[in-house]
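Commentary on secondary and tertiary structure
Here is what each chain is made of, one letter per residue.
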Amino acid sequence: MNIVIFGPPGAGKGTQSNLIVKKFNLYQLSTGELLRKEIKDGSELGKKISSIINDGNLVSDEIVGNLIEKYITNNFYKSRLIFDGYPRNLNQAKHLDDLLKKNDQIIHIVLKLSVSLRTIKKRILERKDLEKRTDDNEETAIKRYETYENNIKPVIDFYKKSNLLKVVDGEASISEISSEISRLIESNKG
Ligand code: AMP
């Protein structure tokens, strides 16, 4: 089973993906994590993208597309990926579809975590102390929220059309959200 999970920054994508991974034996593919690792390692790519991430903008489709392709083409991950934070715009959604098709795979379910800007600000400020992410401050959080809002509408429509989209109330508690997600996945397995 391949799953897409998306939502604004601080919606709980990472936390929830982590819980699903354990329960359903999947692999969490977080493009944000992969990009932060490049920055931490000081790679050429990392140097190129650090200011983009810290300004709350999106890294180019080509860069993130190359990162996910490595996993989709690797048999070890075949049909057991959770795409956490990818796709973030229509071009990426189409690219993901193409890549999966070429590798005899499909997306089984798309989970959208809905959260208000007010909750996001609160969560990001809480997370700042825990994870020490350089893009977790109020100003960048607002920018990241706007970036999300500006790009995500066509992605939502794209997945609605293919009947894959499930909206989850991201304002609920971690365990409530997790139960709801598990329920959706179980019923999808049919
Ligand atoms: P995240 O960990 O998902 O909140 O992502 C952190 C940051 O990484 C985002 O604000 C973007 O700058 C960048 N990023 C992560 N995923 C993508 C993506 N699919 N496309 C472009 N930029 C991304």
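Before reading further, recall that the structure is shown in the block above.
Residues numbered from 1 in each chain as written. Predicted model: local features only at pLDDT ≥ 70, side-chain atom pairs only at ≥ 80, totals over all residues. Heavy atoms only, no water.

Moving on to the site of the ligand. Surveying the vicinity of the ligand reveals 17 residues, the closest of which are Thr 31, Arg 36, Asn 57, Arg 88 and Gln 92. Contacts to the ligand include Thr 31, whose side-chain N or O atom sits 2.8 Å from a nitrogen atom. Interatomic distance of 2.9 Å between a side-chain N/O atom of Arg 88 and a nitrogen atom of the ligand. Protein chains shield 97% of the accessible area of the ligand, which is 480 Å² for the free molecule. It is helix H2 (residues 31–41) that contributes the most residues to the shell around the ligand, four residues altogether. Considered class by class, the residues forming the shell around the ligand number six nonpolar, five polar and six charged. (Near = heavy atom within 4 Å. Polar contact = N/O pair within 3.5 Å; in protein donor to acceptor, adjacent residues only side chain to side chain. Areas by Shrake-Rupley, 256 points an atom, 1.4 Å probe, with all protein chains shown as cover. Helix = DSSP H or I, 4+ residues; strand = E, 2+ residues; numbered from the N terminus. Nonpolar A, V, L, I, M, F, W, Y, C, P; charged D, E, K, R; others polar.)

Moving on, we get to the nonpolar core. With 32 residues, the main nonpolar core has Phe 6, Leu 96 and Tyr 159 as its most contacted residues. Secondary structure elements with two or more residues in this core: strand E1 (3–6), H2, helix H3 (44–54), helix H4 (61–72), strand E3 (81–84), helix H5 (90–102) and helix H7 (138–161). Beyond its immediate stretch of four places on either side in the chain, Phe 6 contacts Lys 13, Val 110, Leu 111, Lys 112, Leu 113, Tyr 148, Ile 152, Ile 156, Tyr 159 and Leu 165. Core analysis: the next-biggest nonpolar cluster, separate from the first, contains 20 residues, Ile 82, Ala 141, Ile 177 and Ile 181 among them. (Core = buried A, V, L, I, M, F, W, Y, C linked by side-chain atoms within 4.5 Å. Buried < 20%, exposed > 50% of the residue type's maximum accessible area, 1.4 Å probe, protein only. Contact = heavy atoms within 4.5 Å.)

Now for unusual backbone geometry. With an omega of 0 degrees, the peptide bond running from Tyr 86 to Pro 87 counts as cis. Summarising the element assignment, Pro 87 is placed in the loop between E3 and H5. Notably, Asn 25 is not glycine yet its phi reads approximately 55 degrees, a positive angle. Locating Asn 25 in the fold gives a position in the loop between helix H1 (13–24) and strand E2 (27–30). On the basis of relative accessible area, Asn 25 is assigned to the exposed category, the value being 55%. Positive phi is not limited to glycine here, since Ser 79 has a value of about 50 degrees. For Ser 79, the location among the structural elements is in the loop between H4 and E3. Overall, the relative accessible area of 24% leaves Ser 79 in the partly exposed class.

Moving on, we come to the layout of surface pockets. One number sums up the size of the largest pocket: a volume of about 1,100 Å³. For the largest pocket, the lining is made up of 46 residues, of which Gly 10, Lys 13, Arg 127, Arg 133 and Arg 144 are closest to its centre. In terms of residue class, the lining of the largest pocket is made up of 16 nonpolar, 18 polar and 12 charged. Quantified by volume, the second largest pocket comes out at close to 180 Å³. Every residue lining the second largest pocket is listed: Asp 97, Leu 100, Lys 101, Gln 105, Ile 106, Ile 107, Phe 158, Tyr 159, Ser 162 and Leu 164. Elements that contribute at least two residues to the lining of the second largest pocket include exactly H5 and H7. When residues of the lining of the second largest pocket are assigned to their parent elements, the largest contribution, three residues, is made by H5. For the lining of the second largest pocket, the residue count by class is six nonpolar, two polar and two charged. (1 Å grid on protein atoms, 1.4 Å probe; cavity = no way out; pocket = protein on both sides within 12 Å on 5 of 7 lines; lining within 4 Å. Points joined across faces, edges and corners; volume = space filled by probe spheres on them.)

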